[in-house]
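# Commentary on secondary and tertiary structure
The chain contents come next:
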Amino acid sequence: MSANIKHSGVVDEISDGCIKVRIVQSSACASCKVASHCNASESKEKIIDVYGAIGRFSVGDAVIVTASQGSGLYAVFLSSVIPLFLLVAVLAAVLAATGSEAAAALSSLGALVPYYLILYMLRDKVRSRLSFSIEHED
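From a predicted model like this one, the values you see are computed outputs, not experimental measurements. (Residues numbered from 1 in each chain as written. Predicted model: local features only at pLDDT ≥ 70, side-chain atom pairs only at ≥ 80, totals over all residues. Heavy atoms only, no water.)

## Points about the overall build of the protein
Scanning the protein from terminus to terminus reveals 4 helices and 5 strands. Secondary structure elements in the protein, listed N-terminal to C-terminal, are β-β-β-β-α-α-α-α-β. Looking at the protein residue by residue over its 138 residues, the buried ones come to 21%. Considering only intrachain contacts with a sequence separation of at least 6, the fraction spanning at least 24 residues in the protein is 68%. (Helix = DSSP H or I, 4+ residues; strand = E, 2+ residues; numbered from the N terminus. Buried < 20%, exposed > 50% of the residue type's maximum accessible area, 1.4 Å probe, protein only. Contact = heavy atoms within 4.5 Å.)

## Observations regarding the environment of Leu-84
Structurally, the position occupied by Leu-84 is in helix H1 (residues 69–98). It is 9.3 Å that separates the C-alpha atoms of Leu-84 and Leu-112, two residues lying 28 residues apart in sequence.

## What to know about the packing of aromatic side chains
For the structure on display, the rule yields 1 aromatic pair. The ring centre of Tyr-120 lies 4.1 Å from the NZ or CZ of Arg-123, which sits over that ring. (Phe/Tyr/Trp six-rings, centres within 6.5 Å; stacked < 30°, edge-to-face > 60°. Lys NZ or Arg CZ within 6 Å of the ring centre and 35° of its normal.)

## Details of H1
Helix length check: H1, at 30 residues, gives a terminal C-alpha distance of 42 Å against a target of 44 Å (1.5 Å per residue), a fit within 8%. The principal kink in H1, of about 40°, is found at Phe-77. What H1 keeps buried is the set Ser-71, Leu-78, Pro-83, Val-90 and Val-94. Residues of H1 that are buried sit in contact with strand E4 (62–68), helix H2 (101–110), helix H3 (112–121) and helix H4 (123–129). Positive phi appears at Gly-99, one or two residues downstream of H1, with a value of about 80°. (Expected span 1.5 Å × (residues − 1). Bend = angle between axes of the 7 residues up to and from the residue.)

## Some thoughts on a nonpolar patch on the surface
A cluster of nonpolar side chains, contributed by Ile-118, Tyr-120, Met-121 and Leu-122, occupies part of the molecular surface with about 450 Å² of accessible area. Along the chain, the position of Ile-118 falls in helix H3. (Patch = residues over 30% accessible without salt bridge, like charges linked within 9 Å, V, L, I, M, F, W, Y side chains within 5 Å. Areas by Shrake-Rupley, 256 points an atom, 1.4 Å probe, with all protein chains shown as cover. Salt bridge = Lys/Arg side-chain N within 4 Å of Asp/Glu carboxyl O.)

## Describing the packing of H1 against H3
At a minimum axis separation of 10 Å, H1 and H3 run at an interaxial angle of 150°. Relative to H3, the element H1 is oriented roughly antiparallel. As H1 packs across H3, the resulting crossing turns out to be right-handed. Residues Leu-78, Ser-79, Ile-82, Pro-83, Leu-86 and Leu-87 of H1 pack against Leu-112, Tyr-115, Tyr-116 and Leu-119 of H3. For the contact of H1 with H3, the class distribution of residues is 9 nonpolar, 1 polar and no charged. (Axes fitted to C-alpha atoms, helices over the stretch in contact; angles between N-to-C directions. Parallel < 35°, antiparallel > 145°, perpendicular 65-115°, else oblique. Left-handed = near helix turned anticlockwise from the far one by under 90°. Nonpolar A, V, L, I, M, F, W, Y, C, P; charged D, E, K, R; others polar.)

## Structural notes on the pattern of salt bridges
Across all of its chains, the model carries 3 salt bridges by this definition. Between Asp-49 and Lys-20 there is a salt bridge, and its shortest N-O distance comes to 3.1 Å. On the criterion of sequence distance, the pair formed by Asp-49 in strand E3 (residues 43–51) and Lys-20 in strand E2 (residues 18–26) is long-range, its members being 29 residues apart. Judged by relative accessible area, Asp-49 falls into the partly exposed class, the value being 30%. According to the relative accessible area criterion, Lys-20 is partly exposed, its value standing at 24%. The network of salt bridges with common partners includes Asp-12, Arg-22 and Glu-45.

As structure tokens, then:
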């Protein structure tokens, strides 16, 4: 199993130390012959921000965007695992303290607001850990 996650894409925009690469993320069955007639296949365009290495690329270049598997796991941890545990912990604590399910549900959802605000304030630190690299496609 590869230690890197790779996607082919095209340089869409270069500005302010950032290269925006458009990639097409598709499900495994999107390349099937009958995919246009099936609801299971899907394809999405995404824009990936890559910082650095601007001088070597120009708009329209075919490139490969690479991220380490550790970066992907870190992103999942920050976006899903921590919020889930926070949600459950606050739900259980407020339910035990008040006995009100409505208060527990609202409190647990409200607890996510400060978490995402803190994550937003630390976005530069998170960005440095979740960096992508870019190379020309052969």
